[in-house]
Structures are given as C-alpha cells and as structure tokens.
Amino acid sequence: MMAAVGAPEVITQLESAAKVLMAPPSMVSTEQRQHAEHVFLSFRKSKSPFAICKHILETSKVDYVLFQAATAIMEAVVREWILLEKTSIESLRAFLLTYVLQRPNLQKYVREQILLAVAVIVKRGSLDKSISCKSIFHEVGQLISSGNPTVQTLACSILTALLSEFSSSSKTSSIGLSMEFHGNCKRLFQEEGLRQIFMLTMEVLQEFSRRENLNAQMSCVFQRYLALANQVLSWNFLPPNHILFATQNVTLKPTETWREALLDTRIMDLFFTVHRKIREDSDMAQDSLQCLAQLASMHGPIFPDESAQISYLAHLVEGLLSMINGIEIEDSEAVGISNIISNLITMFPRSVLTALPSELFTSFINCLTLLTCSFGRSAALEEVLDKDDMVYMDAYDKLLESWLTLVQDEEHFPRGCFVQPAIQVFNSYIQCHLAAPDGTRNLSVNGISSHDEEEINELQEDDRELFSDQLSSIGMLGRVAADHCIPLLTSLLEDRVTRLHGQLQRTQQHLMASSDLGSVDRKVLDDLYEDIHWLILVSGYLLADDPQGETPLIPSEVMEFSIKHSTEVDINTTLQILGSPGEKASSIPGCNRTDSVIRLLSAVLRTSEVESRATRASLTELLSPQMGKDIVWFLRRWAKTYLLVDEKLYEQISMPLSTAFGADTEGAQWIVGYLLEKVINNLSVWSSEAELANDTVELLVTLVEKRERANIVVQCESWWNLAKQFASRSPPLHLLSSSVQRSLMKALVLGGFAHMDSDTKQQYWAEVLHPLQQRFLNLINQENFAQISQEEAVKQEIVATLEALCGIAEATQIDNVASLFSFLMDFLSSCIGLMEVYSNTPETINLIIEVFVEVAHKQICYLGETKSMKLYEACLTLLQVYSKNNQSRKRSDATAEEDQYQDLLLIMELLTNLLSKEFIDFSDTDEVFRNQDQGTPASSRTVSAADVVLYGVNIVLPLMSQDLLKFPSLCNQYYKLITFICEIFPEKIPQLPEDLFKSLMFSLELGMTSMSSEISQLCLEALSPLAEQCAKNQKDSPLFIATRHFLKLVFDMLVLQKHNTEMTVAAGEALYTLVCLHQAEYSELVETLLSSQRDAVIYQRLADAFNKLTASSTPPTMDRKQKVAFLKSLEEFVANVGGLLCVK
Amino acid sequence: MGNTQSIMADDDFTSGDSGASATYPVQCSSLRKNGFVMLKGHPCKIVDMTTSKTGKHGHAKVHLTGLDIFTQKKYEDICPSTHNMDVPNVTRKDYQVVDLAEGYLTLMDDGGETREDLKVPEGDLGKDIEKRVASGENFMVSVMKAIDDEHVVGIKNMTS
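Residues numbered from 1 in each chain as written. Chains lettered and ligands numbered in written order. Predicted model: local features only at pLDDT ≥ 70, side-chain atom pairs only at ≥ 80, totals over all residues. Heavy atoms only, no water.

*Asks:* I keep staring at the interface of chain A and chain B and nothing clicks. Help me out?
*Replies:* A common way to express how large an interface is: the accessible area buried when the components associate. Listed as interface residues are 61 residues of chain A and, on the opposing side, 55 residues of chain B. Taking both partners together, chain A and chain B bury about 4,800 Å²; carbon and sulfur atoms supply 47% of that area. At the junction of chain A with chain B, the criterion picks out five salt bridges. A salt bridge links Arg92(B) to Glu843(A); its shortest N-O distance comes to 3.9 Å. Joining chain A to chain B, the criterion identifies 23 residue pairs in polar contact (both at pLDDT 80 or more). Elements supplying a minimum of two residues to the side of chain A that touches chain B: strand 1 (455-457), helix 24 (522-543), helix 28 (625-642), helix 37 (792-810), helix 39 (842-859), strand 2 (890-891) and helix 41 (896-915) of chain A. Per-element tally for the side of chain A that touches chain B: the top contributor is helix 37 of chain A, with eight residues. Residues that form the side of chain A that touches chain B fall into these classes: 18 nonpolar, 21 polar and 22 charged. (Contact = heavy atoms within 4.5 Å. Buried area = accessible area lost by both parts, 1.4 Å probe. Salt bridge = Lys/Arg side-chain N within 4 Å of Asp/Glu carboxyl O. Polar contact = N/O pair within 3.5 Å; in protein donor to acceptor, adjacent residues only side chain to side chain. Helix = DSSP H or I, 4+ residues; strand = E, 2+ residues; numbered from the N terminus. Nonpolar A, V, L, I, M, F, W, Y, C, P; charged D, E, K, R; others polar.)

Here it is, written out as structure tokens:
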C-alpha cells in the first residue's frame, strides 16, 4: 500500500507518526499512539522498501524515522534475500556503510541500527558466500589506522555489531533461519573473522597502552576496544558438528588455529599492562580483569602439550603476582581478581599446577591466603555497613570456593602445604564472626561496635543455609588443619558457655530483685548468643557433612586426627567429660587428656545443658531461639554421622570414637537418652517457636529413622512417655504447630518398627496407634455425633486425628508399608463418612483430601494389584462424595474461591499421585504383602486407576474456570494432569461424556494457544497419543473431528506464526501424527495456503518446500522412522520458508 | 513458663452445646491459615499468617491478617507467639428454605424446627435466593454463626 503513495507523502506520514510516538503521554490518545505504531509496522512490512528507505535516510531529519528506515531495510533484506540480486545487496551494504561514515553526528541509536543492518547482511551473505567478510575487515582496518577517534569508534561499533550477529546468542537478530545456519556461520566466523577482530583490537590496545596522556575522548575509544576484547575472549567457541546455545560464564576454549594469537606471551603481558594503566577507572578495570579471567580459563586443543600449558600458567601466575603485590587493591578490583584466581584453579589440571616452579607455587598460595583473609575482613565490614553491593562478599565467596577445590584435591599437592594457609584463613573467619575483644564482629572502621535490633521476617534464610557455601569451605579448611582448629573451637565454645551460664545467673539474680524483664540489658547476652551461633555452625560443618539421601561418613581428616592422638588420650576422662554436660569441662581432673573430637561435641552439649537449665529456671524469655535451633541442628548433623558409628564403613577407626559412640556402648545409650530428653524439653518449652520446634522434631526423626538408632531409642522410658503423652493429646504437645505434630507422629510410628519383643511391640502399638483409633471411633460412633460435630472440641479432635494420619502416611518405608497401609485403610473409609458430616466446613474437607493425597503419595508405588485397587476404590468414593456435596453449591464468603482452589489443587495432586504408579512402581507382585493376599484372584479387578482418574477429572473439569487457571500452581498441576491422562489412557478419552470431552478439548486448545510455552508444550505432547488412538478406531468419533481442528491449529502455529524454537519438536511430532490421520485435510490446508500467494516466485518456493517436507514420508504412516525423517525435514522447512511466511 | 499451661483443660467433647462459650483461647503459634481468630473484636478467617522477630536472637511474633467472616472487612494484629488469642466458635448449619417475607426468610432445620429471624443476604446470593423462592424451588441455605451474629452464606441443592 505504501508503494502506491509517493515518497514525499510516505515521509510526511512517517514523520507525523514519529511525532505522535515521541510526544509526552498526556498529549496523545491511546488510539493515536496505536495508529502511529501501526503506520511503522506496516511500513516495515512493505515489499522491497529499499528505494524509499534510501530516500528517507538521505532526506529525513527525524531520527526515529531514520531508525525505522534502517530497521525496514534489515528486515526486508532478510525476507527477500533470494529474490534480490547479489550486486544490489552489495551496493546496499556499501551505501549503508558510507552513509554512516559521512555522518559522524548521527544519533547513536540510529547509527547502531544501521550497522546492525550491515552486520545482518554480512552474516546472511556468508551462507551462500555471496558476500565476503574480508573486504569489510579491510575497510575497518583502514578506519582504525585513521587515528581519528570518531572514526575509530565507528570501526569499533561495526566490529561489535558483527560479533553480536555471529555469536548466535540472545543478542543475535532472529532472521528466520535454522540454528544449523546460525551454527555454520558461527563456526566459519570463529576461524577467520573473529581472529581478525581480535588482532585489530590488540593493535588498538597496544597503541593506547603506549601513550602517556589520554584525553577523555581517547580513553573513551580505549574503553570501547577493551570491551570488545572482552567480548572476543568470552566467545563461546563452537566445537565441530555441534550447535550450542550460549550459556553464562563461558570459559575460553579456542580452536587450534588460535595458537599463534593466544599463546604469544606478549598478548597476556599486554592485558596486564593495560590493567595497570586503567585500574583506577572502575568500569574499565572490570573489563581488563575480565579479559585476564578469561585468559586464566583457557583450555582445550589450543595447548599442543602439557609443557605449553605449564609455561602459559607460570607466565600468568607471575603476571598476576606482580600485579597484586605492591598495590592496594581497589574495591572494584576485588571480584575481578578473585575470578582470575578461581578460574585458573578450576580450569588447570592439578598436574599442571604442581608442575609450577615450587617457589612460584608457594608465593601464589601465600598471596591467595593473604587475599582471602583480607577480602574476608572487608566483607565483614560491608555487612556492618549494610551495603547494597557486596563486592568483597562475592570475592570472598569465590576465593573460599577456590580453596575448597584445592584442598579437595589435596593428595596431588606436596604434603601439608595447605595446613598453614588453612589455619590463617580459618582464624580470620572465626575472628570476623566473634565479638570484641577476641574478634571484630560488628566493628566498623573506627572500631566502634554497632548493635541494632532490626526486624527479621520469616522469609530470611537461616545463616546455616545462607552461608552454607562459605561454611562448607571453612569446615573443610578446619579439617585440613584439624590439629589447630578443633581445639580452638572447643576452647572458644567452652569459654562462651561458661560466660553465658554466669550471665544468665546474674540476670536471674537481677530479676529476683526487680522482676522487670525490660530492665535486662540484652546486649551482653546477644553478643554471647551470636558468638555461640557461629561457633556451633562452624563446628557442625567441620565435624560432619550433610549429604542428601546417603549415609554420611566421618570425614577422613577428623578420623585421622582422632586416631593420631588416641595414644595420648585417657578414655575414661573423655567419657567423664562427655557424660557430665552440667559441669565445667576445665573443672574435671585430667581434662587435658581428652579426645578433641569428643570434647567439641561435649562443648555443644554443655551449651545445650545451660539452655535446658535456664528453661527450668523460667528464664526462657532470656534465651535465644536461634541458639536453640543451632544446638538441635548440630546434634542432628552429628548424630547422623557419629552415633552408632558403623566400623565396617571405615578402613581404620579411632578407639575413642568407637568406645564412646559405637554400637552396644554405654556412651551411645547415654547420648540417645540425653538427646531424647532434649527433644522432649524443647517440644514443651519452645512450642511457640515454629522453626525451633521443627528442627527439634527433625532431630527426633533422625534418631528413629535408622533401625539401629531406633532400637536404643525405644528402650528409653522417656520415649514411651512421649508416645503416651502425644497419644492422649495432653499438654503441652498439642500446642505444637500442625506440621510439627505431623512429624512427631511420623517419628512415633517409625520408632514402632524398631526391634522389640512381640509383647513389647504389641504394647507399643497399643500405646501409640490404638488410642488414636479408639478415640476416633468412640467419637464418630456416638449416636449424637452429627449434632455435636460442629462443637469446637469435637472439630479439634477430628483435625488432630487427620493431621496424625498424614504423619503416619509420611512414616511409610518399604518394610512397614504392609502394616501401615492396613491401618490407614480403616481410617480412609471413616474419613469418607466425615466428608458428609463436615460438608459445610471447608477447612476440614481440605484436610480429609490431604490425608488421601499423602497416602497415595507415600504408598501407591509399593502397593500390589489388590491393595492398589482398594485404594482406588476409596479414592473414587471420596471423589463421588465430594462431587455430590459440591453440586450447585454457592457460597458468598470472600474465601470461597480460595477454598475451592485448595480443594481442586489437592484433588489434582491426588489424581497425579495415583497416575504416578504408571511410571514408578516398586511393587513386586505384592511381594511386600506376601502371605496376606492369598486367594484373591487378580481378575476380579473392579476399579482401575483410569476409572478413578477420569471420574476425578469429571469433577475437576467443570470447576476449572479460566479465573482459577490464573493461579499458576493450579494451572500447572491441571495441565500436567490432563497431559498425563492423554498419554496414559488415550483409549478412555473417546468414552468421556460429551460435555466433559468438549471441555477437555477446549482446555487443550486454550493451553496450546494462550498459556505459557511450558504449558503449550504439554498440550502439544498430549496430541500425538490422541491422534494415534484415533487412528486405531472409527473415523467419525468426536475425537476424530477434534483432532482435525487441532491439525489446523498446529499447522498455523508451525507455519504461520513465530513460535518458540524449543517448541518445534513437540509441535512437529503432533503435526506428523495429525497429518497421518487427516491426510486429505492437510493437503487442503497446503493448497489453501499456496493459492493465497500472489507472487509466483514465493509460490514456487513454498510449493517446493511443502513437497520436500513430506517427500520422505509419503504416504505418511505412524512409523517411528518416518516420523524422525519428517521432523528433520520440518527443521529445514522452518529454516527455508518460516521467515517467508511470517510476513504477511 | 506461665503460658504453657493447658488452655484446653476442659477438653471434653461430650459437653452440651448450650453452654459453649462464644470464644476460646489458643496459643498464637498454633493458629493456622484458613482457621478463625478474633481480630480487634471481630470474628475473622485467617488469610495470612507470618512471623518475624526483633534481632537475630529475638523471640517470634505473629502477624495475623484476617477477613471478618460476615462483612469481609480486613483486620490485622501482631502478637508474641507465646500469647493466647481468642478463637470464635464458628458453626455452620443447613436449613431448608420455606418462605420469604419482607426480607426475612422462614427456615426449617432437619429436626423440623422453623425460624424466621434471618434476613435475605445482600448481593448476588440474595437475588438468587429470591429467584428460587419465587419459582417455588426446593432448596437449602447454609447459615454461619459466630459470636452473636448469624448470616446466610450459601445455597445448596436438596440432597435426597
């Protein structure tokens, strides 16, 4: 349409549209703005706009219009590439470059856009070799040597634009071509063009680094070339035959052809020189350090042999040391320097590191030690000042991580070479975390300590998580220097505990005199708590690891340390210190001859004891819940590793450790009893501190989840008391939050599977589980239950029972599932009865469904056929009752929607859990139930998972409104569920009632077209099994008709719309099966599309492309090989004509 | 610790309902989201519950946000987690709708007792009730009661 109008009119129209877009929001209406946007959009889509664009560029004075003209050229060149003469493309490129050169005063964004167009042309041309890169580098080289800063800046812009276009990253313009194309361009470029850019850049940097005085304009040019160098060194080199997507933190892995360029020591020296020159400019310093960091990460085929690598590294380390030594590091250098160190430690093989001249290696390690300590101190200062940008903290983290890497590979290095550094780094960490006078915590530069009471909300992570990386490194260094660090921690902790004890006693006396808690100065106490907090965290990380899911071992360094000193140790004194946490360690005779590892545990037990005694003296208000958490966290971590140490797992074992904590020792029994008392005390005293109660109950779970430990636990009287107390719901356990109560129930059930003689076992279950059942049955069997059901006490009893059932389900393990399943099944049917009684109480209904969710989640994978069926039946009944009670129910209260959302989410979770059996099934034809199910014929199958799930979907579907789908978790769960169903039970879909079927199809369409790409992909994945199902059956079912509709949708999506490349595979698979099913309709779609093309050239291209697309799979059949062939052709198809069709 | 004493000493669910108090105390930390609590004298459903502490070694405080179960107005409160809060006794009961006159409903419970003291609620729910009564439909309503207030909050079809 533009073509029909004369050039001056077009320019006027565009200029006035630009005016609208640039006007302040108050001056123009939304419609005007939209119209203006539309003007530009359709201008950019107009056919062959080259002449008019040139004209605009030469005449218009409006920057925005110039920008749009450049964009239009770029888009049109790509779109019409095959139709254009190569010479006219060439002249267009020359025109654009000259245009920019002749107009040094162009707005930056206009200039960059024009250069982008040039870069895109060069890249597109590199495919059919129509445009050579060489000429452009020659031109740029000339620009650089001009010596004119403006021209040099322009040259840099050209190179940067080329780099971005060829990098095949997110910065690259999308030009509708396959990743294959982008990959090929990139590979070609990195062998030739990229290296030319690098060499040109090096010349410029060399030139500038020689100059004495740089004026502002020149240093600006310098900065741009430095940034360019950084980009080159951060290039994500593509290996042959591989298309990689750019990732973050790319390491430098150049190809062999780069040897000459990068192994030249002068290049590295140049970067050190450049950094020295500009290090006070924080922006430039970041680039120069990043360049060095990239050089420090260099690896791969560029090194011809190890000796080349060694001399490269030696040169790097020498340069680094001479750069760092003798300067005072700027704040802005900290992160960069730590990156260089971290990269070289991670990337260079240990053999290369150890091959460094030993003096150089020692200097490097010493330098690293000093830097780490110094960054650590600066990081602590940053925390005091509460800075937003924690540069030293980041740098410190990086260096600590590097230490971890080094000491984990300790065996490669000279023996003991890390001990002294480890001591220094460890000491400085401890010092930064202790209060004055021993430490420097909270001291600002002028030595004044600050003490502020900020509000901390529950979302803030605990230090043990927040600083887990730092603590792991420090713990590891502590192990390396165990001789120093373990006794140090012990003496510091013992000292703080003694002081805490004294301070609490003084406060108690003070309170007796004044009894006003407000008059207590908490500063001294809080300082002690914070010291103890860090000492316990470091001790925990030093003594034990916390691997997820496997049995943690005593770290070998700790074991060796204990063995090494075992001859000097007096076992009895050690046990005495361990067994008397109420006494001061130093008051015990011979206390210097104790095992240090046990002594450190004893120090924590002493802390624990001071805390427990304070609670008994009614001083809970003065205690720190944080310290309480630290104590139980430590004890749990410790117990997992040391308690009942299994000698078989170790080559050698320390006598003190095995005597104190081994199986069948008094020590182990004593400590289990002690921990149990601690747990019981905490649960009654700290019910109001949810996190502490949670950590406490987790300690209890740890004690019973391993059979060996549980065997000792159940011998303790206090365990039985706890069980009885909980079963009778007597105070104070009922004050605990519901999640803690659940875990407590879980622990009590786990304990029940410990070794006991059968009488005891029977008695235990009679104390723990039967009261639960009894109370519940007594209650619901009361004649007037329906009347009293709404009474608060009754409701609470019911809720407590339901919570307990969830806890019981959580305790499921493969060896107890048989008995727990039977026990829970009895409840499940009663729970269904409760659904009726509490149909008006949404929070109770919610909890009932949750019980089913938990049982299905924890048990279904172990259940054999007959048991599964029982569970399916129960779930089906539950859903039926739920559905009946919610039919045409209307509620007006504000939380009605939220309640329903909760219910639906749980129901879908339940259904997904039931379906998961199709993927994860540990049941071995009822093996875990052997001797139980005999005689039940498998053929009497009454309810299948499919029945339950489809019935559930029946309930869920009508309730899933588009509003509800706005809750992301609900939306995800919903689509996950329906995709599962389509994949697992495609044969059930055609049998659905009409309404249900329609809404399912609508959901799929909605998910495909208007949801996130993740959900769109799920829906596409659901289509193939549906189409395959259809192919097996009659051809006139509603599903058959629906799939025809989906064919059109997927076709449009792939061919006509710009879609996510990740989706091509899922969409392609769906398209192929749909094409198989509806070949005639597919041909029709293609015909319609072709007949709408007016342009003969485009028509032919499209027709060819469609022929090629199906050539390998004609006639299409549902055969894997053909499908793969189709998918391959589809990729080419999208690359060939995808861009062409996107233009309308 | 004074506040760990039993707050449920009369934990006996067979006691009659006539003497039940309007509220009962619960330790703040054991309240739960979606449960009920009295905020600033109003019976509320808890829609948000977060904890915080003053200083790293401070004790937990609970921030409660609730909606008045009848007016849907929002109320908030902060309370140390060891303290007790009042929880209203909230009951829900279904009645069959018998008649509607001058804005008041005639309702019958499952024991056959009728009452005429409840107003037709405002808004869509009220309109729906009026429409159903006018068309002679047989249906039930849910009535929620807490403290001294009682309101119709929902519609339910007759379950046979």
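*Asks:* Explanation requested: the nonpolar core in the structure shown.
*Replies:* Buried together is how nonpolar side chains tend to be arranged in soluble globular proteins. Formed by 403 residues in total, the largest nonpolar core has its most connected members in Phe271(A), Leu344(A), Trp719(A) and Phe1106(A). In this structure Phe271(A) touches Met202(A), Leu205(A), Leu226(A), Ala229(A), Leu233(A), Cys291(A), Leu292(A) and Leu295(A), once residues within four positions along its chain are discounted. (Core = buried A, V, L, I, M, F, W, Y, C linked by side-chain atoms within 4.5 Å. Buried < 20%, exposed > 50% of the residue type's maximum accessible area, 1.4 Å probe, protein only.)

*Asks:* Could you clarify how one ought to interpret the packing of helix 37 of chain A against helix 38 (residues 817-837) of chain A in this entry?
*Replies:* Residue and element names in this part refer to chain A. For the pair helix 37 and helix 38, interaxial distance at closest approach is 11 Å and the crossing angle is 145°. Two packed elements cross with a definite hand, and for helix 37 against helix 38 that hand is left-handed. Each of Ile798, Thr801, Leu802, Leu805, Ile808 and Ala809 in helix 37 lies in contact with helix 38, whose residues at this interface are Leu820, Phe823, Leu824, Phe827, Cys831 and Leu834. Residue composition of the contact of helix 37 with helix 38, grouped by class: 11 nonpolar, one polar and no charged. (Axes fitted to C-alpha atoms, helices over the stretch in contact; angles between N-to-C directions. Left-handed = near helix turned anticlockwise from the far one by under 90°.)

*Asks:* How do you make sense of the side chain of Gln503(A) when you look at a structure like this?
*Replies:* Relative to the assigned elements, Gln503(A) resides in helix 23 (residues 482-514). Leave out the neighbours within four places in its chain, and Gln503(A) touches Val524(A), Leu525(A) and Leu528(A).

*Asks:* For this particular structure, what's the right way to read a nonpolar patch on the surface?
*Replies:* Taken together, the side chains of Ile82(A), Leu83(A) and Val1097(A) present a nonpolar region at the surface, about 230 Å² in accessible area. By the secondary structure assignment, Leu83(A) is in the loop between helix 4 (63-79) and helix 5 (86-102). (Patch = residues over 30% accessible without salt bridge, like charges linked within 9 Å, V, L, I, M, F, W, Y side chains within 5 Å. Areas by Shrake-Rupley, 256 points an atom, 1.4 Å probe, with all protein chains shown as cover.)

*Asks:* Before we go on, may I ask you to explain the pattern of salt bridges in this structure?
*Replies:* Proximity of charged atoms lets side chains of opposite charge pair with each other. Taken as a whole and judged by the stated rule, the model has 50 salt bridges over all chains. Notably, a salt bridge pairs Asp495(A) with Arg496(A), separated by 2.5 Å at the nearest N-O pair.

*Asks:* Hey, could you run me through the packing of aromatic side chains in this one?
*Replies:* In this description, an aromatic ring pair is defined by two values, namely the gap between the centres and the angle between the planes. Residue and element names in this part refer to chain A. Inspection of the entire model under this criterion finds 33 aromatic pairs over all chains. Taken together, a centroid distance of 6.3 Å and an interplanar angle of 25° make the contact between Tyr312 and Phe348 stacked. Of this pair, Tyr312 sits in helix 15 (residues 306-324) while Phe348 sits in the loop between helix 16 (334-347) and helix 17 (350-354), and the two are 36 residues apart along the sequence. Here the two residues Tyr312 and Phe348 agree in accessibility, since each one is buried. An aromatic cluster of at least three residues, connected via ring pairs, comprises Trp719, Trp720, Phe753, Tyr764 and Trp765. In this arrangement the basic side chain of Lys54 is found over the ring face of Phe95, its NZ or CZ atom lying 5.4 Å from the centre. (Phe/Tyr/Trp six-rings, centres within 6.5 Å; stacked < 30°, edge-to-face > 60°. Lys NZ or Arg CZ within 6 Å of the ring centre and 35° of its normal.)

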